[in-house]
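Here is what each chain is made of, one letter per residue.
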Amino acid sequence: MLEHKLFLGLALMPVVLTCVSCQSSSASETSGDSAPVPSVRVKLNPDDASPFNNGRFEGWGTALCWWANRLGYDESLTEQAAKLFFSEEGLGLDIGRYNVGGGDDPAHNHISRSDSKIPGYATGFDENGDLVYDWTVDQNQRAITLAALAANPAFYVEGFSNSPPWFMTVSGCSSGNSPAGKDNLRADQYGEFAKYIAQVTRHFKDEFGITFQSYSPINEPDTNYWEAYSNKQEGCHYDHGESESKILIATRQALNAAGLRDVLVAGMDESIIEQTRDNLSRLSEEAKAALGRIDTHTYGGSDRAGVKAKAIELGKDLWMSEVDGGGTEGSNPGDMGAGLWLANRILIDMNELRPSAWVLWNIIDFHKDSRFTAPDGSHPEAGVGLRQDAGIWGVGMADHDEKKIYLTQKYYVFGQFTRYIIPGDTIIGSSDKQILAAYNKESGAVKIVAVNVDANPKNYTFDLSNFSSVPQYAKAIRTRGAFDGGEHWKDVALIEVKDKQFSFTLLANSVTTFVIDGEKPEIPGYIAVAGPADTFVGETSAYIAQSSDGSPVAWLVSDKAIATISAAGILTPLKEGNVRVTARSEKFGLTDSVNVAVLDIRGLSKVEIAPEQITGSVPWNGQSNPNDCKRVVDGNLESFFDGLINGYVTLDLGGAYKIGALKYAPRPGFEYRVTGSFYGSADGIDWEAIYTVSSTPASKALTAVYSRDFAEGVAEKTYRYIKYATNGEGDSRNCNIAEIEVWQRK
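Residues numbered from 1 in each chain as written. Predicted model: local features only at pLDDT ≥ 70, side-chain atom pairs only at ≥ 80, totals over all residues. Heavy atoms only, no water.

## Some remarks on the sheet that holds strand β18 (residues 435-439)
The mixed open sheet is built from nine strands, whose spatial order is β22-β21-β24-β19-β18-β17-β3-β20-β23. Whereas interior strands pair on both sides, the edge strands pair on one side only; in this sheet they are β22 (487-496) and β23 (501-506). Ignoring strand direction, the axes of neighbouring strands in this sheet form an average angle of 25°. (Pairing = 2+ DSSP bridges. Helix = DSSP H or I, 4+ residues; strand = E, 2+ residues; numbered from the N terminus. Axes fitted to C-alpha atoms, helices over the stretch in contact; angles between N-to-C directions.)

Okay, here's the thing in structure tokens:
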């Protein structure tokens, strides 16, 4: 399948991501009509160091709920999780946030997720007013935690609570109050809830061998998200100021009384960055003293610098303690989209907040289980599948039928950070926000993670002149391309550092980590080619060859009648067809190739379609919604049709045309919902499939497919009507699409 990317109607060649690549580029200079590969110079600044935890990074982590509660029942899944997420051969995560459940009223059955119903240890009060415990519950989360500690003995465990036990709440429900914006911990139960936290912490240490080094008693408290009898999870609102202060103080006092003075009280785990900034100022002085470390989520807001400044003002350590999302980024990124979204989230948090730890929410948030039954009797996980090129919360899927964890490229992108920037390193500044830099004061090692979300390569030069001394070699490790056949933590180059600087070409939609630590590791000899998978008569395209030995390459094409290529890797298409572009290392004779499709689309013209020629299904929230089907021809890539499940859009072309190309753009932020098919009809009654979308399209861009990619026999037919209709699973069946263009051919 051939998909050509267009930004705002301007052609931009996508880059093939299925080949391996290595060190220096021999095609960084171009000629003719093709622009040179852009160059970026980045200067690292070790004086601009993280101010938190004495400048020492504490590590990367994940919350243990809800996924540990879901996976820990099975020995095989537990072993896989420990190896993949906590061992040195996997992500090597250093931190886990253990959710001590409040537990809901046993008579309730309203939480619909298979993983978020966390049991509580306390079952009520006895006749003397003391808490009664059932220590047999929550074995699953404990099993994962113990396996993590076995895989990484230095594993840091933080306890946290989403809600107090249900019998301490105003509503009698651990999902929240009604209304949701009101405190749900009863005014007379602050001390009892804090005692519950302290007694669980003590029991975990003495009986389970799990030490909570810190404890956060509240989670996203200043919100109206937590409502009684919701289908989500446990949650509890606390008013900023007095209520938040009261529970922080009570927790500190209860931990002290239990002989746990070494357990930090963390908080407030607000969901919005500005809430963290503002609510810290609203705490009482006693609460500020009780707060041992600031934990913040970064789901919303932008003033990371303000939170950083507030933490410095208070003299507190700072963690980014929870975030994730299902977004994608990159330029026609394929399987890399979700990973590039995660990489950019890490970059903005780490560069602007400078926290001493960064913690992902559920490392596994996606489950397939044909046996799970929801409260309504349905089996929502029976038909679940993992789509590699879509956005995803977490980094993979747990298949409970097969007892196997399936991963995505997002997992490997996360590892580009977690495996190389380690506890004891210091996060430092640089002149480019698309990289994260760190160094180790003891060893002198420098680590750099560089992200390229563009469709084209970039030449980067890293300036290390601010360091007093620099090791001689930089090792490059990269993740890019498709999950099957792409690169996963691939050793791609050994680069000599000369005059305290080195250069490297970052390939399209890639994440590359550089480790400069004084060692000269062996790098296997190989060569790789990167460049457009399709090109057009009348244009030229640049191809990059990277080789581990850095030697020059010779360029070849399989058919000079279709295209020619210059010594600098510039391809000139001559006529429509397929050609193979090959680079050969002159020093070692290594070769790599990429298949290129040449199209001649000079005869195509756009069919002009007015809004009154558009009909479709009803938008979400009825006819009052302005985001109706006519938005798909307004020329605005940010407006969209907000359709429902099994929705559709029909375009009346006003006449019969042979279709040469279809172009479409997704609703921004919901790119994964473009899962449907295009259909053609001569009369608007009988329809036949023209083309089915098979990968998540780029955001705020037109993706084009041409007649050669249509269903067999379609290209020579004429159609008056074109229809787009969804056919995905779950909410990807919602017909959300921003723009549709139809192009005719002669």
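## Quick look at helix α2 (residues 75-86)
The terminal C-alpha atoms of α2, which comprises twelve residues, lie 16 Å apart, in line with the 16 Å expected from a rise of 1.5 Å per residue. Within α2, burial applies to Leu77, Thr78, Ala81, Ala82, Leu84, Phe85 and Phe86. Of the surrounding secondary structure, the elements contacted by the buried residues of α2 are β4 (59-63), α1 (67-71), α3 (139-151), β16 (404-407) and α10 (409-418). N-cap assignment for α2: the residue whose side-chain oxygen lies 3.0 Å from the backbone N of Ser76 is Asp74. (Expected span 1.5 Å × (residues − 1). Buried < 20%, exposed > 50% of the residue type's maximum accessible area, 1.4 Å probe, protein only. Contact = heavy atoms within 4.5 Å. Polar contact = N/O pair within 3.5 Å; in protein donor to acceptor, adjacent residues only side chain to side chain.)

## Some points on the packing of aromatic side chains
Under the definition given, this model contains 42 aromatic pairs. With a centroid separation of 6.5 Å and an interplanar angle of 75°, the aromatic rings of Tyr190 and Tyr238 are classed as edge-to-face. Of this pair, Tyr190 sits in helix α4 (residues 190-208) while Tyr238 sits in the loop between β9 (212-216) and α5 (242-257), and the two are 48 residues apart along the sequence. Judged by centre distance (5.1 Å) and plane angle (55°), the rings of Phe462 and Phe514 are tilted. Here the residue Phe462 occupies a position in strand β20 (residues 458-463), and Phe514 occupies one in strand β24 (residues 510-516), the gap between them amounting to 52 residues. For the pair Phe462 and Phe514, a shared accessibility class is recorded, and that class is buried. Through pairs of rings, three or more aromatic residues link up here, namely Tyr98, Tyr121, Tyr133, Trp135, Phe193, Tyr196, Phe204, Phe208, Phe212 and Tyr215. One Lys or Arg, Arg293, reaches over the ring of Trp319 and ends 3.5 Å from the middle of that ring. Geometry around Phe670 places Arg667 over its ring, the cationic atom sitting 4.1 Å from the centre. (Phe/Tyr/Trp six-rings, centres within 6.5 Å; stacked < 30°, edge-to-face > 60°. Lys NZ or Arg CZ within 6 Å of the ring centre and 35° of its normal.)

## As for the environment of Val263
Along the chain, Val263 turns up in the loop between α5 and β10 (264-272). Residue Val263 is classed as buried on the basis of its relative accessible area, which comes to 3%. Considering only alpha carbons, one finds Val263 and Arg252, eleven residues apart in sequence, at a separation of 8.7 Å. Not counting residues up to four positions away in its chain, the partners in contact with Val263 are Thr201, Phe212, Gln213, Ser214, Tyr215, Arg252 and Leu255.

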